[in-house]
Amino acid sequence: MEHPLQHYYSRIYRTYDLVNRLFTFGLDKKWRKITVNECLSVNPRNVLDLCCGTGDLAIEIQKKAGTNCTVTGFDLNPEMLSVASHKSEKDNLNIEFIRGDAATMPFTDESFDCITIGFGFRNLTWQNPSAANHIAEISRVLKIGGKLLILESSQPSNGFIRFFYSVYLKSVLVPLGGILSGNWNAYRYLAGSSAGFYTFNELRSMLEPFGLDLHMKHRFLFGSANLLEVIKSAK
């Protein structure tokens, strides 16, 4: 069954960055910078920005790493990739953006020292019948000892905060995204996947069978967004 986001992102790509800035009060830019620093702390030679979308994370990595690192952006949606390529060319950056399915990536085994994924991991896993295939592919193309960094929405552990976070998603994200993009269903899905996404322990159980060890790196906004660090073990 085709995942609905393949159609949603083709409708919201023009306003996607704007909605992110407004919804997070611009904090998503700070969170991406922290993710970039964590990525470059291991001095990677090859980085994959998976589900790269409009390219913000890949571009920030390449800007800071310079010629010391090769960055590849990978996404399924052609409209989002078009925006990413335009941004990269505007900044005179040499980033290759590739369109493809995350369940069958065109890379050899253990190609990347670091894989980043910003607000896309839940799309690959939450209520997605191809979740296991996606995780297996991530593990396959990541080097042993390599790092996967997942910047993602999450459920705050505090019940009081979790309640108001859910209300905020429904009463702010959905109408904000719906009005600006013209596609309310896309943001109903995004709000629902954010509010209902897996807990840390659930994610750890999902990743372990693929030799991926999950650790909490940073919590943002009381845990409504997290930066998760995953290390590929030798097994």
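See the structure printed just above.
Our subject in this report is the structure included herewith.

Reading the values: the criteria
- Residues numbered from 1 in each chain as written.
- Predicted model: local features only at pLDDT ≥ 70, side-chain atom pairs only at ≥ 80, totals over all residues.
- Heavy atoms only, no water.
- 1 Å grid on protein atoms, 1.4 Å probe; cavity = no way out; pocket = protein on both sides within 12 Å on 5 of 7 lines; lining within 4 Å.
- Points joined across faces, edges and corners; volume = space filled by probe spheres on them.
- Helix = DSSP H or I, 4+ residues; strand = E, 2+ residues; numbered from the N terminus.
- Buried < 20%, exposed > 50% of the residue type's maximum accessible area, 1.4 Å probe, protein only.
- Pairing = 2+ DSSP bridges.
- Phe/Tyr/Trp six-rings, centres within 6.5 Å; stacked < 30°, edge-to-face > 60°.

Quick look at the layout of surface pockets now. If you add up the space inside the second largest pocket, you get close to 470 Å³. Lining the second largest pocket are 26 residues, with Phe23, Thr24, Ser153, Tyr165 and Ser224 sitting closest to its centre. At the level of elements, helix 2 (16–23), helix 3 (27–40), helix 8 (159–181) and helix 9 (184–195) are the ones that each hand at least two residues to the lining of the second largest pocket. With five residues, the single largest contributor to the lining of the second largest pocket is helix 8.

Right, let's talk about the pairing of strand 5 (residues 142–153) for a bit. Within strand 5, nine of the 12 residues are buried, which leaves it mostly tucked inside the rest of the structure. By the bridge criterion, six bridges tie strand 4 (residues 112–118) to strand 5 in an arrangement that is parallel. By the bridge assignment for strand 5, cysteine 114 is matched with lysine 147. Where strand 5 and strand 7 (residues 225–232) come together, seven bridges link them in antiparallel fashion. Pairing of glutamate 152 across the sheet is with asparagine 226, part of strand 7.

Before going further, it helps to spend a moment on the packing of aromatic side chains. One pass over the full model with this rule turns up five aromatic pairs. Centre to centre, the rings of tryptophan 31 and phenylalanine 119 are 6.4 Å apart; their planes meet at 45°, and the pair counts as tilted. Of this pair, tryptophan 31 sits in helix 3 while phenylalanine 119 sits in the loop between strand 4 and helix 6 (121–125), and the two are 88 residues apart along the sequence. Using a relative accessible area of 5% as the deciding quantity, one classes tryptophan 31 as buried. Residue classification places phenylalanine 119 among the buried positions, given a relative accessible area of 12%. When the ring of phenylalanine 107 is compared with that of phenylalanine 112, the centres are 5.0 Å apart and the planes differ by 85°; the resulting orientation is edge-to-face. Each of the two residues, phenylalanine 107 as well as phenylalanine 112, counts as buried.

Any link to function would need more than the numbers given here.
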